[in-house]
Amino acid sequence: MKKIRKMAAAGISVLLLVLFLLPFAGAASADQTAPRAAGAASAAPKSGPVFIIPVDQEIERGLQSFLTRGFQEAANYGAVLILLEIDTPGGLVSSAEQIGMMVRDSTIPTAAYIKGDAASAGSYIALNAGSIIMKPGSMIGAASLVDGKGDSVDDAKLVSYWKSKMVGAAELNGRDPEIAAGMMDKNIVVNKPELGVNKAQGQIIALSSDEALKAGYADSIAGTPEEAIASLGYATDDIFRVEHTGAEKMSHFLTNPIVMTILLFIGIAGIVIEMLVPGFGVPGIIGTLAFALYFFGNYVAGFAGSETWLLFILGLVMLVLELFVPSFGILGLLGSVLLVAGVVRAAYSYTHALFSLGIAFAAAAVVIAIVAVTFKERGIWNRFILQDSLTKEQGFVPVLEKLSLVGASGISITLLRPAGTASLNGERVDVVTEGSFIAAGASISVIKVEGGRVVVKETAE
């Protein structure tokens, strides 16, 4: 019995001890779970609008204008992330620099999702982004300088300049600068076995998605833009994709070098034909429409300003005035200069514009010559040429010809020196000698009659 009491007392003591320690255990448990809860809260995806902006064309000022609009829309919507969806063969270095600056200076976090190729200037844009996520099978690199014909540029200054830009973009986000230099300079050697990069002289670095991940040029690999957004810790339930407007798509087509050349050809041929062979109407309308499409495409793409329209219109007016106002060619020359200046300034490249304009002029000249010859009776030059002639066939006989007097004889009534009056066949007639003087009363004969002109000579009695 005594034993049972001891056991009961011991049990009660243990129970009291447990009840005493239970609040401390709960506090400890709460302390241990608090970090986990906090960790779970920090791992929650960041919500807010996420903007996907495609970089899926050649890099030029048109793309730059499109991206500017996309970044502005993202800012207006309060976006928490901008994802550049890149698949481009490259393009103009000047435009790539401006886009890279836009990416660096953006107050909205910007990441690059390479779904295809980030080649040449495209790799520079990607390197300026805070994070790079690549799709399996995609590529980044091959950023050597080439000219408009695709030939390698070896100018030391240009190569050094572009290398500094690539290296600076890589260092901006802690990526190995030597690899960036090796992407564009074929003359350097890069040996980074720990990063899986080995470049010999004469080669250019281009990294696949797996190679870029190992080399630190990709932060992760994702199959879709949504996966890329999720990997960056952002929610995917509020995604906006910036699309090209109809005008931008049309502009992209109209600013194609081949299309630009065709538009210039049609515009020049149509307007000149309308001026030289007026009355048709159709060539003038088509030519004006072609020039309007040319300037519209370049204006929407961001190449042309309103001053290009003004230059072109002034040039066209001066060319028209040259046809009606005698200016010794001054108006025509000034008009041609203004027209060419407007066309060239509207294009994204002066070199391409002059080349396209030269081809268009040559082709238009051939067509204009053919049309002018075919419709020569309707040409504007007919306004400045006297078409009517006073011929016998048309009934114009100003003086009655006296052909019957040829061979007739008579006497000079007055002194012929060399003109005067004579009596021929009993009729007083105004006559003229061939240059000699004939005294009055001399015998004469008619040697020829030319209209109202009767030519005589002196004859011996």
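Definitions and cut-offs
- Residues numbered from 1 in each chain as written.
- Predicted model: local features only at pLDDT ≥ 70, side-chain atom pairs only at ≥ 80, totals over all residues.
- Heavy atoms only, no water.
- Helix = DSSP H or I, 4+ residues; strand = E, 2+ residues; numbered from the N terminus.
- Buried < 20%, exposed > 50% of the residue type's maximum accessible area, 1.4 Å probe, protein only.
- Contact = heavy atoms within 4.5 Å.
- Core = buried A, V, L, I, M, F, W, Y, C linked by side-chain atoms within 4.5 Å.
- Pairing = 2+ DSSP bridges.
- Right-handed = clockwise from strand over helix to strand, strands pointing away.
- Axes fitted to C-alpha atoms, helices over the stretch in contact; angles between N-to-C directions.
- Left-handed = near helix turned anticlockwise from the far one by under 90°.
- Nonpolar A, V, L, I, M, F, W, Y, C, P; charged D, E, K, R; others polar.
- Polar contact = N/O pair within 3.5 Å; in protein donor to acceptor, adjacent residues only side chain to side chain.
- Phe/Tyr/Trp six-rings, centres within 6.5 Å; stacked < 30°, edge-to-face > 60°.
- Patch = residues over 30% accessible without salt bridge, like charges linked within 9 Å, V, L, I, M, F, W, Y side chains within 5 Å.
- Areas by Shrake-Rupley, 256 points an atom, 1.4 Å probe, with all protein chains shown as cover.
- Salt bridge = Lys/Arg side-chain N within 4 Å of Asp/Glu carboxyl O.
- pLDDT = per-residue confidence, 0-100.

> Could you give an account of the overall build of the chain, naming the residues involved and the relevant values?
Within the chain one finds 14 helices and 15 strands. When burial is assessed residue by residue, the chain has 39% of its 461 residues classed as buried. The long-range fraction of contacts in the chain, counting pairs at least 24 apart against all pairs at least 6 apart in sequence, stands at 60%.

> Provide a residue-level description of the nonpolar core, including the pertinent values.
Counting 52 residues, the largest nonpolar core has Leu 84, Ile 140, Leu 207 and Tyr 217 as its most contacted members. The residues contacting Tyr 217, other than those within four sequence positions of it, are Leu 127, Ile 132, Ala 170, Arg 175, Asp 176, Pro 177, Ile 179, Ala 180, Met 183, Leu 207 and Ala 212. If you look at the next biggest cluster of nonpolar residues, it comprises 27 residues, including Leu 254, Leu 339, Ala 364 and Ile 368.

> If you had to explain the pairing of strand E2 (residues 81-88) to someone new, which residues and values would you point to?
For E2, the tally of buried residues reaches 7 of 8 residues, placing the bulk of the element in the interior. The sheet contact formed by strand E1 (residues 50-55) and E2 spans 6 bridges and is parallel. Each residue of the ladder has a partner; that of Ile 52, found in E2, is Leu 83. In terms of handedness, the path from E1 via helix H2 (residues 61-76) over to E2 forms a crossover that is right-handed. In this structure, E2 lies alongside strand E3 (residues 110-119), joined through 6 bridges in parallel fashion. Looking at the pairing, Ile 82 lines up with Thr 110 of E3.

> Quick rundown of the sheet that holds strand E13 (residues 427-433)? Include the residues and the values.
Taking strand neighbours around the barrel as the criterion, the 5 strands line up as E11-E12-E13-E15-E14 in a closed arrangement whose pairing is mixed. Adjacent strand axes in the sheet meet at a mean angle of 55° when their direction is disregarded.

> Outline the packing of helix H10 (residues 257-276) against helix H11 (residues 282-300), listing residues and values.
Packing of H10 against H11 brings their axes to within 7 Å, and their N-to-C directions diverge by 145°. Seen along the crossing, H10 lies across H11 with a hand that is left-handed. Each of Met 260, Leu 263, Leu 264, Ile 266, Gly 267, Ile 268, Gly 270, Ile 271, Ile 273 and Glu 274 in H10 lies in contact with H11, whose residues at this interface are Val 282, Pro 283, Gly 284, Ile 286, Gly 287, Thr 288, Ala 290, Phe 291, Leu 293, Tyr 294 and Asn 298. Of the residues in the contact of H10 with H11, the class split is 14 nonpolar, 6 polar and 1 charged.

> Would you mind going over the environment of Asp 154 in detail, with residue names and values included?
With respect to the element layout, Asp 154 can be found in the loop between strand E5 (139-141) and helix H5 (156-172). Owing to a relative accessible area of 56%, Asp 154 belongs among the exposed residues under this scheme. The spatial distance from the C-alpha of Asp 154 to the C-alpha of Ser 144 is 9.5 Å, given a sequence separation of 10 residues. Residues in contact with Asp 154, not counting those within four places in the same chain, are Val 159 and Lys 186.

> If you had to explain the environment of Glu 227 to someone new, which residues and values would you point to?
Note on placement: Glu 227 falls in helix H8 (residues 225-231). Residue classification places Glu 227 among the partly exposed residues on the basis of a relative accessible area of 43%. C-alpha of Glu 227 to C-alpha of Ile 133: the two residues are 94 residues apart in sequence and 9.5 Å apart in space. A polar contact is formed between the side chain of Glu 227 and the backbone nitrogen of Gly 223, at a distance of 3.0 Å.

> With reference to specific residues and values, describe the packing of aromatic side chains.
A complete count under the given rule lists 5 aromatic pairs for this structure. Seen from their ring centres, Phe 51 and Phe 240 are 5.2 Å apart, and the 25° between their planes marks the pair as stacked. Of this pair, Phe 51 sits in strand E1 while Phe 240 sits in strand E10 (residues 239-241), placing them 189 residues apart in sequence. Take Phe 51: its relative accessible area is 2%, and that puts it in the buried class. A residue is classified by how much of its surface remains accessible, and Phe 240, at 30% relative accessible area, is partly exposed. When the ring of Tyr 124 is compared with that of Trp 162, the centres are 5.2 Å apart and the planes differ by 50°; the resulting orientation is tilted. With Tyr 124 in helix H4 (residues 121-128) and Trp 162 in helix H5, this pair connects stretches of sequence that are 38 residues apart. Residue Tyr 124 shares its accessibility class with Trp 162, and that shared class is buried. Feature note: the residues Phe 51, Tyr 77 and Phe 240 constitute an aromatic cluster, connected by ring pairs.

> Describe a nonpolar patch on the surface, listing the residues and the values that go with them.
A surface patch of nonpolar side chains, about 480 Å² in accessible area, is lined by Ile 313, Val 317, Val 320, Leu 321, Phe 324 and Val 325. Note on placement: Val 317 falls in helix H12 (residues 306-322). Residue Val 317 is classed as partly exposed on the basis of its relative accessible area, which comes to 42%.

> Tell me about the confidence of the model for the chain, and please be specific about residues and values.
Predicted coordinates in areas of low pLDDT are best not read in detail. In this model, the chain carries an average pLDDT of 80, and 81% of its residues clear a pLDDT of 70 or more. When mean pLDDT is compared element by element in the chain, strand E4 (residues 131-134) scores highest at 96, while helix H1 (residues 2-43) scores lowest at 41. Here residues 7-12 scores under 50 on pLDDT; set against residues more than four positions off or in separate chains, the count is 0 contacts. Ignoring residues within four places in sequence, the model shows residues 14-42, a span with pLDDT below 50, making 0 contacts including any to other chains.

> A description of the pattern of salt bridges should follow, citing residues and the corresponding values.
With the rule as written, the count across this model stands at 11 salt bridges. For the salt bridge of Arg 69 with Glu 73, the shortest nitrogen-to-oxygen distance reads 2.8 Å. Taken together, the positions of Arg 69 and Glu 73, both in helix H2 and 4 residues apart, correspond to about one turn of that helix. You can call Arg 69 partly exposed: its relative accessible area is 23%. We note a salt bridge from Lys 192 to Asp 176, for which the minimum N-O separation is 3.2 Å. Pair noted here: Lys 192 is in strand E6 (residues 190-192) and Asp 176 is in the loop between H5 and helix H6 (177-182), with a separation of 16 residues, a long-range link. Each of Glu 85, Lys 115 and Arg 241 takes part in a single network of salt bridges with overlapping partners.

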